[in-house]
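If you want the building blocks of each chain, they are given just below.
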Amino acid sequence: MGKVYLTGAGPGDIELLTLKAARVIKEADVIIYDRLANPEILQMAKNGCEFIYVGKEDGKHILPQEQINEVIYKSALRYDVVVRLKGGDPFVFGRGGEEGKYLFERGVDFEIIPGITSSISVPAYAGIPVTHRGVSVSFRVVTGHEAPNKEASQIPWENFKTDDTIVFLMGLHNLQQIAQKLIEIGKPKDFPVAVISKGTTPEQKTVVGTLENIYEKARDLPTPALIVVGKVVNLRESLNWFEKSARQNALAYA
Ligand SMILES: C[S@@+](CC[C@H](N)C(=O)[O-])C[C@H]1O[C@@H](n2cnc3c(N)ncnc32)[C@H](O)[C@@H]1O
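Every residue gets a number counted from 1 within its own chain, in the order that chain's sequence is written. In keeping with the predicted nature of the model, local features appear solely for residues at pLDDT of at least 70, side-chain atom pairs appear and are counted solely at 80 or more, and the whole-chain, interface and lining totals rest on all residues. Here the side-chain values reflect all heavy atoms present in the structure, with hydrogen atoms and water set aside.

### Observations concerning the sheet that holds strand E1 (residues 3-8)
By definition, the strands of a sheet pair up through backbone hydrogen bonds, in either a parallel or an antiparallel sense.
Here's step 1: Only when DSSP finds a minimum of two bridges between them are two strands counted as paired. A helix here means a DSSP run of H or I that spans at least four residues, while a strand means a run of E at least two residues long, and both kinds are numbered starting from the N terminus. The sheet built from five strands is open, its strands ordered E3-E2-E6-E1-E7 with parallel pairing. Single-partner strands in this sheet number two, and they are strand E3 (50-53) and strand E7 (109-113). Strand after strand, the sheet turns through a mean of 20° between neighbouring axes, direction not considered.
Here's step 2: In the sheet, strand E2 (residues 30-33) pairs with E3 via four bridges, with the strands oriented parallel. Orientation is described by lines fitted to C-alpha atoms, with helices fitted over the stretch in contact, and by angles between N-to-C directions that extend from 0 to 180 degrees.

### Notes on the domain arrangement of the protein
Here's step 1: For the domains described, the bounds stem from an automatic or database domain assignment. Considered domain by domain, the protein is made up of domain 1 (3-113) and domain 2 (118-242).
Here's step 2: Throughout, a contact is declared for two residues whenever any of their heavy atoms are within 4.5 Å. Taken together, the contact between domain 1 and domain 2 spans nine residues of the former and 14 residues of the latter.
Here's step 3: Note on definitions: buried area is the accessible-area loss of two parts on being combined, 1.4 Å probe, summed for both. In total, domain 1 and domain 2 occlude about 810 Å² of area from one another, counting both sides; carbon and sulfur atoms represent 62% of this.
Here's step 4: Note on definitions: salt bridges are taken to be side-chain nitrogens of Lys or Arg within 4 Å of carboxyl oxygens of Asp or Glu. Between domain 1 and domain 2 we count zero salt bridges in total.
Here's step 5: Any N or O atom pair separated by 3.5 Å or less is treated as a polar contact, with the protein-specific requirement of one donor-capable and one acceptor-capable atom, and with residues adjacent in sequence counted only for side-chain atom pairs. Linking domain 1 to domain 2 there are three residue pairs in polar contact (both at pLDDT 80 or more).
Here's step 6: For the side of domain 1 that touches domain 2, the class distribution of residues is four nonpolar, two polar and three charged. Nonpolar residues are Ala, Val, Leu, Ile, Met, Phe, Trp, Tyr, Cys and Pro. Charged residues are Asp, Glu, Lys and Arg, and all others, Gly as well, are polar.

### Here we look at the pairing of E2
Each regular strand displays side chains that alternate between the two surfaces of the sheet.
Here's step 1: Neither face of E2 is exposed, since Val30 and Ile32 on one face and Ile31 and Tyr33 on the opposite face are all buried.
Here's step 2: For E2 and strand E6 (residues 81-86), the ladder comprises four bridges, and the chain directions are parallel. Opposite Tyr33, over in E6, you have Leu85 as the bridge partner. Per-residue accessibility, obtained with a 1.4 Å probe over protein chains only, is compared with the maximum for each type, and a residue is labelled buried under 20%, exposed over 50%, and partly exposed between these values.

### Points about the nonpolar core
Here's step 1: Throughout this description, the term nonpolar core refers to a set of buried Ala, Val, Leu, Ile, Met, Phe, Trp, Tyr and Cys residues connected via side-chain atoms within 4.5 Å. The biggest cluster of nonpolar side chains holds 24 residues, and the ones touching the most others in it are Phe160, Phe168, Leu182, Val195 and Val229.
Here's step 2: Of all elements in the fold, only strand E9 (165-169), helix H5 (175-184), strand E10 (192-197), helix H6 (214-218) and strand E12 (225-229) reach the threshold of two or more residues within this core.
Here's step 3: Looking at this core element by element, the count peaks at five residues for H5.
Here's step 4: Not counting the four nearest positions on each side in its chain, Phe160 is found in contact with Arg140, Val142, Ile155, Ile166, Phe168, Leu182, Ile185 and Lys187.
Here's step 5: Of all hydrophobic cores here, the second largest spans 19 residues; its members include Ala9, Leu17, Leu36 and Val81.

### Digging into H5
Here's step 1: Residues Leu175, Ile178, Ala179, Leu182 and Ile183 constitute the buried set of H5. Viewed end-on, H5 has its buried residues packed into an arc of 135°, placing them on one side of the element.
Here's step 2: On the buried face of H5, the contacting elements are E9, E10, H6 and E12.
Here's step 3: The positive-phi residue at the C-terminal boundary of H5 is Gly186, with phi of around 115°. Here the arc refers to the directions that run from the helix axis out to each C-beta atom.

Shown next, in the form of structure tokens:
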């Protein structure tokens with residue numbers, strides 16, 4: 001029986017891959033991967049490595065999670081080194097816990113290799129620190145996948161009244177309802193929001209607005225995209241290092 005590495009691929013910029021992830025990717029006999037922010041990572045694999053795509057398109061898994069678990073398990077029966085590669089970090093809305101549990105129940109040896117999660121690194125590349133002294137003393141990472149008006153919502157909306165930072169992943173298609181819900185619980189209409197698309201890649205785009213107008217401004221951005229709600233968004237005026245340097249590079253090579 002082989003060993004499975006549940007591995008974070010980072011948010012997109014290939015240099016944000018950890019050294020440990022790079023090592024197991026080079027050693028892998030098979031790599032089971034999602035729609036990755038950076039498919040170039042697969043080029044690091046050795047000759048003869050098998051690739052199995054089990055990815056997501058627009059929030060829908062090509063394979064249901066149960067079948068993905070089984071693909072990983074079967075791969076461990078056939079190969080010595082199995083890498084299950086996931087965008088960002090495997091335990092931040094990555095279902096890595098479910099996959100690890102499935103392997104544990106079948107006696108398969110596995111390791112978790114954390115990755116740099118998009119929830120902090122994408123805001124950082126947009127010049128937005130998720131905490132900042134005097135502005136925000138905590139941040140939450142919340143699924144935006146669940147419609148806010150859903151009955152029996154698991155999301156504790158009433159807890160979001162503070163000024164602290166909220167990062168919504170998987171939320172672009174619910175952007176209008178999320179903004180509306182935050183206004184409903186008492187946040188000011190002009191509370192700052194940013195939507196960052198394809199973060200940490202050369203195609204990164206950031207749109208800044210308020211709870212009232214962000215939907216109109218950002219609705220057509222391409223995915224993957226995340227939403228940052230909080231006064232920390234205003235710090236981008238001074239800290240927007242990446243898009244500024246990308247623009248400068250583009251001008252220099254034009
Ligand atoms: C299923 S979640 C997985 C999160 C991942 N495990 C992580 O730690 O980043 C996918 C969501 O992450 C966000 N995301 C991932 N990569 C991104 C990127 N490069 N730019 C913007 N958002 C990204 C988007 O909100 C996307 O819908």
